[in-house]
Amino acid sequence: MQLWHMQLWRLLVLFGGLAATLNTQADTLSAVETLREGGCGGILPPARPLHHNMSLDRAAEQWAAGRTPAAATELSGYPAEATAALRLRGPESTMVQLLRRSSCHTLTDQSLHDIGVFHRGSDTWLLLASAYTVPASSQAPVLAARTLQLVNEVRARGTRCGEKSFGSAPPVRLSGTLAGVALGHATDMAKHNYFEHVDLGGHSPADRVRAAGYLEKLVGENIAYGPKSAEEVVQGWLDSPGHCENIMDPRFAEMGIAFAAGPVSRHGLYWVQVLAAPRT
């Protein structure tokens, strides 16, 4: 009987501690939401509520244990694109004042969507983050059309690529065959975690184009890693002289464009643009 009472007491202590932790966590989350919804007392624009994320709770705990916020977030499995880390010291009754005094701009950041919390004693660790999202495959035609539009706009007006100036060039058109070649290379780079024009089998862009049955006179290829939009990837290529020259080469008449998602540990898209002049 005495043993049973001791076990019951231990359970009550355990549940009491858990309840206290959950209450403190809830109070902290409530303080954050109060400040976001009110724009930190009206000094900043209001922000949408954050979603409480258990993975970020674990990341906050790992941060408290000595890891960096970035390493802790990656270890938790949360696919972070952006993070903000806040560490506060003080009683929960003063949480609103502590947050408002030191962290208003971070708390009301519209780009952050999720939050995790960890408490130990009078210390509180907060991780605010937004998750990396990959465009759906159904968006591929839309992104291809937008990329084509951007490429043809710059070809029509001409531009400067590094030290070279290029006049206007005829528009290029989309090729389904070249798009398939681009997708194959983007997928292969994403799957095997490399970033090169020559694939792991030793094949060049021209080799891949010929293997697809495309009869070419000239082949060019641009690749990129990271961008999430057509605007970002095209601008990145235009800012690089060699890639820009490919885009502006008046000999190219057709284009294929594709992207593939990288591994979880590297949040970004692999992009491939294949440009070609077909044999006539």
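Please read all numbers here as calculations on a predicted model, not as lab measurements.

How each quantity is defined
- Residues numbered from 1 in each chain as written.
- Predicted model: local features only at pLDDT ≥ 70, side-chain atom pairs only at ≥ 80, totals over all residues.
- Heavy atoms only, no water.
- Helix = DSSP H or I, 4+ residues; strand = E, 2+ residues; numbered from the N terminus.
- Contact = heavy atoms within 4.5 Å.
- Areas by Shrake-Rupley, 256 points an atom, 1.4 Å probe, with all protein chains shown as cover.
- Pairing = 2+ DSSP bridges.
- Axes fitted to C-alpha atoms, helices over the stretch in contact; angles between N-to-C directions.
- Phe/Tyr/Trp six-rings, centres within 6.5 Å; stacked < 30°, edge-to-face > 60°.
- Buried < 20%, exposed > 50% of the residue type's maximum accessible area, 1.4 Å probe, protein only.
- Core = buried A, V, L, I, M, F, W, Y, C linked by side-chain atoms within 4.5 Å.

### Description of the overall build of the chain
From N to C terminus, the chain includes 11 helices and 10 strands. Counting contacts in the chain only where the partners sit at least 6 residues apart, residues at least 24 apart contribute 68% of the total. Accessible surface for the chain amounts to roughly 14800 Å². Of this, 57% is attributable to carbon and sulfur atoms.

### Observations concerning the sheet that holds strand β3 (residues 114-120)
The strands making up a sheet associate through hydrogen bonds between their backbones, and the pairing can be parallel or antiparallel. If you walk across this open sheet you meet the four strands as β1-β3-β4-β2, and the pairing is mixed. If you trace the sheet from one side to the other, it starts and ends with β1 (51-52) and β2 (80-89), each paired once. Inspection of the sheet shows β2 paired to strand β4 (residues 123-131) by nine bridges, in the antiparallel sense. Looking at β4, one finds that A85 is bridged to L127. Helix α3 (residues 54-64) contacts β1, β2, β3 and β4 of the sheet and is inclined by roughly 40° relative to β3. Running over the sheet, helix α5 (residues 95-102) touches β2 and β4 and is turned about 120° from β2.

### Comments concerning the packing of aromatic side chains
This structure, assessed with the given rule, holds four aromatic pairs. Relative to Y270, the ring of F195 has its centre 6.5 Å away and its plane inclined at 50°; by these criteria the two rings are tilted. Note that F195 is positioned in the loop between α8 (176-192) and α9 (205-211) and Y270 in strand β10 (residues 269-278), a separation of 75 residues in sequence. Y270 gets classed as buried once you look at its relative accessible area, which sits at 0%. Each ring, one from F259 and one from W271, has its centre 5.4 Å from the other, and the planes form 45°; the classification is tilted. Within this pair, whereas F259 is found in strand β9 (residues 254-261), its partner W271 is found in strand β10, the two being separated by 12 residues in sequence. For the pair F259 and W271, one class covers both residues: buried. By way of ring pairs, the aromatic residues F195, Y225 and Y270 are connected into one cluster.

### A short note on the pairing of β9
Counting buried residues in β9 gives seven out of eight residues, a clear majority hidden from the surface. Here strand β7 (residues 173-174) pairs with β9 via two bridges, running parallel. Bridge pairing in β9 links L174 to M255. Both β9 and β10 contribute to a ladder of eight bridges, which runs antiparallel. Along β10, the bridge assignment pairs E254 with A276.

### Focus: the sheet that holds β7
The four strands lie next to each other as β7-β9-β10-β8, forming an open sheet whose pairing is mixed. The open sheet has two free edges, formed respectively by β7 and β8 (216-225), since each of these has just one partner strand. On the sheet, helix α7 (residues 140-157) packs against β7, β9 and β10 and is oriented at approximately 135° with respect to β9.

### A look at the environment of P250
Following the sequence through the fold, P250 ends up in the loop between α11 (241-248) and β9. Through-space distance from the C-alpha of P250 to that of F166 is 9.3 Å; in sequence the pair is 84 residues apart. Beyond its immediate chain neighbours, meaning those up to four positions away, P250 contacts R155, A169 and P170.

### Quick word on the environment of A140
Its location among the elements puts A140 in helix α7. Residue class for A140 comes out partly exposed when judged on its relative accessible area of 31%. Sequence separation of A140 and F259 is 119 residues, and the distance between their C-alpha atoms is 7.8 Å.

### As for the nonpolar core
Ranked by internal contacts, the top residues of the largest apolar core, which has 25 residues, are W237, I247, M255 and W271. When contributions to this core are tallied by element, the ones reaching two or more residues are α7, α10 (230-238), α11, β9 and β10. Beyond its immediate sequence surroundings of up to four residues, W237 is in contact with N222, I223, A224, H243, C244, I247, I257, W271 and Q273. Counting 19 residues, the second-largest nonpolar core is a separate cluster that includes V32, L50, L86 and V117.

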